[in-house]
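As a plain string of letters, each chain reads:
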Amino acid sequence: MVSTDDSESGRRILILYATETGNAYDVSQQISREAKRRHFKVTLASMDEYPIVDFVTESLVIFVVSTTGSGVEPRSMTPFWKMLLRSDLPSDLLEYMEYAVFGLGDTAYEKFCWAAKKLVRRLESLGAKEICPRGEGDEQHSFGLEGGLDPWIETLFATLLTLYPLPPEENVLPPGQLRTSRVSISPLEGPKHLPDLRLVKSPEKRQWATLNINKRITSPDWYQDVRHLEFDLDSEVEYQPGDIAVIYPEAPAEDVDEILIRMGWANEGDESLHIVAKPGGMPILLTWFWTINAYCILSSEQPLPPHVPPILTLRDIFTKYVDINAVPRRSFFDLLRHFADDDLEKGKLDEFCTLEGQEDLYDYCQRVRRTIREVIAEFRSVKVPREYIFDLFPPLRPRQFSIASSSKVHPSQIQLCVAIVQYKTKLKALRRGVCTTYLSSLPKGSRILIEFQKGLIQPPPDITTPIICVGPGTGIAPMRAMIEQRIYHGAEDNTLYFGCRSAVKDQHYRTEWEDRMRVGTLRYRLSCSRDGEEGKAKIYVQDLLEQDVESVWEILNNRKGYLYISGSSNKMPIAVKKAVEQSAISVGGLSEVQAQAFISRLEREARLFEECWS
């Protein structure tokens with residue numbers, strides 16, 4: 001969604017963000033607010049929704065880019081990135097553009113802020129001028145992303161005010177002022193609900209689906225609940241191994257009731273409301289929603305999610321459109337403090353917004369994963385005007401899951417393998433994942449909306465090409481889809497390395513793999529890290545690869561096979577590639593440097609794919 005500030009100032013900034021989890025979107029909003037304080041005209045857009053043809057005409061651009069998996073750019077950045085990588089682009093294409101880049105990442109993973117680093121190099125090669133050193137936000141910082149963001153924003157705007165001074169009659173607006181709400185919300189007479197409008201932008205990529213199976217596949221007494229889910233689609237969709245199912249979650253009814261009661265809206269929660277932007281908004285014609293013809297007005301401060309209809313109820317808003325169970329960022333408290341009546345509570349909220357209060361805020365929220373709903377419950381004097389709902393609460397974003405089935409084998413159906421997220425912190429209540437909690441609670445026959453996205457991995461064009469799949473835990477999902485489809489086409493040279501803790505407790509799809517081994521279509525290697533003798537080293541998938549260095553080298557080098565890695569993007573992907581390097585050294589006779597170059601060659605030749613997540 002593109003949002004433009006229509007102020008009269010000629011000092012204009014384009015902010016482009018690429019996000020997977022919403023963090024880059026939050027950061028881009030913060031930069032936008034700081035720019036408006038300095039009277040810049042701002043356009044804020046996701047990279048996949050900004051017209052690429054207009055990009056070369058921009059003179060000042062700020063990029064906010066997260067990094068996914070092992071250094072891969074967010075999917076929303078991929079079309080833009082492919083455009084920038086075109087070999088026919090002249091080296092002076094962007095010579096009139098000034099830019100700055102802020103990257104988001106986590107130093108616990110291999111390629112920290114890799115997408116931002118690649119972007120800077122490419123922009124420089126096309127003639128653009130970097131006006132501020134690249135900023136980096138690290139999730140491992142004691143203050144979270146803000147630890148790197150705050151000083152970078154200060155440097156950025158000091159530079160910008162030097163290059164683009166304030167008009168003589170203007171001053172920088174003071175921080176902390178209550179900004180105007182983006183929308184007005186008024187009662188609407190009569191039952192005038194619109195249908196669910198979450199079919200947005202590309203209806204052909206979204207399907208209604210009916211849940212047929214929701215089965216736990218880990219042992220009932222096992223600590224982790226992993227589900228196998230099967231959805232029957234309303235129409236046939238041809239997806240490929242590695243493709244993504246995007247699920248639109250809903251908040252639990254009891255959580256929504258709690259918020260409505262706490263805010264004093266229990267008696268009006270089901271009344272139809274009309275949402276209209278404040279003056280200065282821009283109209284968006286919602287003609288892509290089936291046959292609905294309605295206007296939703298968006299303001300210039302930040303865009304509403306494009307699927308928010310102009311008529312709905314408070315219960316609808318808190319169930320489907322804003323996230324009451326997210327862990328709040330500092331910007332949440334910066335607005336919340338304006339709505340507290342109690343002096344002590346207001347003072348505490350004010351403190352959370354200061355530099356000195358960041359450690360306390362981290363301990364209060366991030367460390368224990370306290371949710372927005374719990375914060376609202378604790379600060380009892382807070383009364384949020386309903387016009388500020390979309391300013392205060394973050395959007396309830398959809399979640400992505402690797403599809404665990406082949407459309408060739410299961411036409412008009414998709415299958416998922418999902419770990420239900422729940423864990424303990426110092427807080428009494430169990431922490432739960434928003435979307436996985438939603439999925440686990442769905443009874444058979446439930447109807448949900450599913451979007452399909454292209455994944456990162458690709459099967460070999462020739463079914464005789466051998467493959468090695470490494471997919472511990474729920475990383476098995478795209479590996480299962482890949483193997484299932486290859487066997488459908490007649491491929492037999494498939495090797496799977498699966499890792500779990502217990503052979504009998506959490507070996508996902510065990511009987512499938514054993515059946516395929518018996519008929520000769522799969523070589524199955526299993527590591528069970530907790531089943532070994534006490535006192536002996538645990539065995540992981542990378543250890544099995546090191547045991548199999550001869551076959552690994554034979555497949556990947558001599559027979560030009562493919563390697564697929566899927567699962568958690570912590571130490572596993574690095575360890576797997578190190579094991580492959582070891583095969584190149586011990587069997588291929590390469591040096592350590594040459595072995596590293598062999599991994600790079602696999603990536604360059606598109607024979608090494610990673611589908612990893614944090």
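The preceding data block contains the structure.
These notes cover the structure that comes with them. From a predicted model like this one, the values you see are computed outputs, not experimental measurements.

**Observations regarding unusual backbone geometry**
- One non-glycine residue, Cys-113, lies in positive phi territory at about 50°.
- Position of Cys-113 among the secondary structure elements: in the loop between strand S5 (98–105) and helix H4 (114–125).
- Note on Cys-113: relative accessible area 1%, which makes it buried.
- The phi dihedral of Ser-412 is positive, around 60°, even though this residue is not glycine.
- Within the element layout of this structure, Ser-412 appears in the loop between strand S16 (399–402) and strand S17 (413–419).
- Ser-412 sits in the partly exposed class, given a relative accessible area of 25%.

**Quick look at the pattern of salt bridges**
- The tally for this structure, following the rule as stated, stands at 41 salt bridges.
- A salt bridge links Glu-136 to Arg-134; the nearest nitrogen and oxygen atoms lie 2.9 Å apart.
- Using a relative accessible area of 32% as the deciding quantity, one classes Arg-134 as partly exposed.
- When salt bridges with common partners are traced through the structure, they connect Asp-334, Arg-337, Lys-346 and Asp-350 into a single cluster.

**Remarks on the packing of aromatic side chains**
- A complete count under the given rule lists 23 aromatic pairs for this structure.
- Between Tyr-509 and Trp-513, the ring centres sit 6.5 Å apart and the planes meet at 80°, which makes this aromatic pair edge-to-face.
- Taking relative accessible area as the criterion, Tyr-509 reaches 10% and is therefore assigned buried.

**Focus on the side chain of Arg-38**
- Among the structural elements, Arg-38 can be located in the loop between helix H1 (23–37) and strand S3 (41–46).
- One polar contact links the side chain of Arg-38 to the main-chain carbonyl oxygen of Glu-34, over a distance of 2.9 Å.
- Here Arg-38 is in contact with Arg-11, Phe-157, Leu-161, Leu-166 and Val-172, once residues within four sequence places are set aside.

**Quick notes on the state of the cysteines**
- Tallying each qualifying case throughout the model produces zero disulfides.
- We note that Cys-365 lacks a disulfide partner, and the nearest cysteine sulfur, in Cys-353, lies 11 Å from it.
- Free of any disulfide, Cys-500 has its nearest neighbouring cysteine sulfur in Cys-528, separated by 3.8 Å.

**Some words on the sheet that holds strand S9 (residues 206–216)**
- Read across the sheet, six strands follow the order S16-S11-S20-S9-S10-S17 without closing on themselves; strand pairing throughout is antiparallel. Only two strands of the sheet have a single partner each, and these edge strands are S16 and S17. Averaged over neighbouring strand pairs, the angle between their axes works out to 40° when direction is ignored.
- Summarising the sheet, strand S11 (residues 244–247) and strand S20 (residues 447–453) pair through four bridges and their orientation is antiparallel. What sits directly across from Val-246, in S20, is Glu-451.
- Contacts from helix H13 (residues 434–441) reach S9, strand S10 (226–233), S11, S16, S17 and S20 within the one sheet, and its direction differs from that of S16 by about 65°.
- Along the sheet, helix H14 (residues 476–488) contacts S10, S16 and S17; its crossing angle with S17, the most-contacted strand, is approximately 150°.

**What to know about the environment of Gly-473**
- Summarising the element assignment, Gly-473 is placed in the loop between strand S21 (467–470) and H14.
- Each C-alpha atom of the pair Gly-473 and Ile-574 lies 16 Å from the other, and the pair is 101 residues apart in sequence.
- Gly-473 has contacts with Phe-498, Gly-499 and His-508, leaving out every residue within four places of it along the chain.

**A few points about the sheet that holds strand S25 (residues 608–613)**
- Taken in spatial order, the five strands line up as S23-S22-S21-S24-S25 in an open sheet, and their pairing is parallel. Looking at which strands have only one partner, the edges of the open sheet turn out to be strand S23 (523–528) and S25. Recorded for the sheet is a direction-independent mean angle of 10° between the axes of neighbouring strands.
- Contacts from helix H18 (residues 572–586) reach S21, strand S24 (562–568) and S25 within the one sheet, and its direction differs from that of S24 by about 155°.

**What to know about the packing of helix H6 (residues 253–262) against helix H7 (residues 314–321)**
- At a minimum axis separation of 10 Å, H6 and H7 run at an interaxial angle of 135°. Here H6 lies oblique to H7, going by the angle between them. As for the relative orientation of H6 and H7, their crossing is right-handed in sense. Between H6 and H7, the residues in contact are Val-256, Asp-257, Ile-259 and Leu-260 and Leu-314, Arg-315, Phe-318 and Thr-319, respectively.
- The class makeup of the residues in the contact of H6 with H7 is five nonpolar, one polar and two charged.

**Some points on the pairing of S24**
- Of all the seven residues making up S24, six are buried; the element is thus mostly covered by neighbouring parts of the structure.
- Note that S24 and S25 share six bridges and pair parallel. Pairing of Leu-563 across the sheet is with Leu-608, part of S25.

**Focus on the pairing of strand S4 (residues 60–66)**
- The buried fraction of S4 amounts to seven of the seven residues, a majority that puts the element mostly inside the structure.
- Across the two faces of S4 the burial is the same, with Leu-60, Ile-62, Val-64 and Ser-66 and Val-61, Phe-63 and Val-65 all buried.
- Here strand S2 (residues 12–18) pairs with S4 via five bridges, running parallel. Residue Ala-18 lies in a different strand from S4, and its bridge partner there is Val-65.
- Pairing geometry for S4 and S5, over seven bridges, is parallel. In the sheet register, Ser-66 faces S5, and the bridge partner there is Leu-104.

**Structural notes on the packing of H14 against helix H15 (residues 510–519)**
- With their axes 13 Å apart at the nearest point, H14 and H15 run at an angle of 30° to one another. The handedness of the crossing between H14 and H15 is left-handed. In contact with Ile-476, Arg-480, Ile-483, Glu-484 and Ile-487 of H14, H15 contributes Glu-512, Trp-513 and Arg-516.
- Among the residues making up the contact of H14 with H15, the classes are represented as four nonpolar, no polar and four charged.

**Points about helix H10 (residues 358–366)**
- Within the span of H10, buried status applies to Gln-358, Leu-361, Tyr-364 and Cys-365. In an axial view of H10, the angular spread of the buried residues amounts to 125°, which keeps them on one side of the axis.
- Among the structural elements, helix H8 (330–336), helix H9 (343–352) and helix H11 (372–378) are those in contact with the buried residues of H10.

What counts, and where the lines are drawn
- Residues numbered from 1 in each chain as written.
- Predicted model: local features only at pLDDT ≥ 70, side-chain atom pairs only at ≥ 80, totals over all residues.
- Heavy atoms only, no water.
- Helix = DSSP H or I, 4+ residues; strand = E, 2+ residues; numbered from the N terminus.
- Buried < 20%, exposed > 50% of the residue type's maximum accessible area, 1.4 Å probe, protein only.
- Salt bridge = Lys/Arg side-chain N within 4 Å of Asp/Glu carboxyl O.
- Phe/Tyr/Trp six-rings, centres within 6.5 Å; stacked < 30°, edge-to-face > 60°.
- Polar contact = N/O pair within 3.5 Å; in protein donor to acceptor, adjacent residues only side chain to side chain.
- Contact = heavy atoms within 4.5 Å.
- Disulfide = S-S within 2.5 Å.
- Pairing = 2+ DSSP bridges.
- Axes fitted to C-alpha atoms, helices over the stretch in contact; angles between N-to-C directions.
- Parallel < 35°, antiparallel > 145°, perpendicular 65-115°, else oblique.
- Left-handed = near helix turned anticlockwise from the far one by under 90°.
- Nonpolar A, V, L, I, M, F, W, Y, C, P; charged D, E, K, R; others polar.
- Arc of directions from axis to C-beta.

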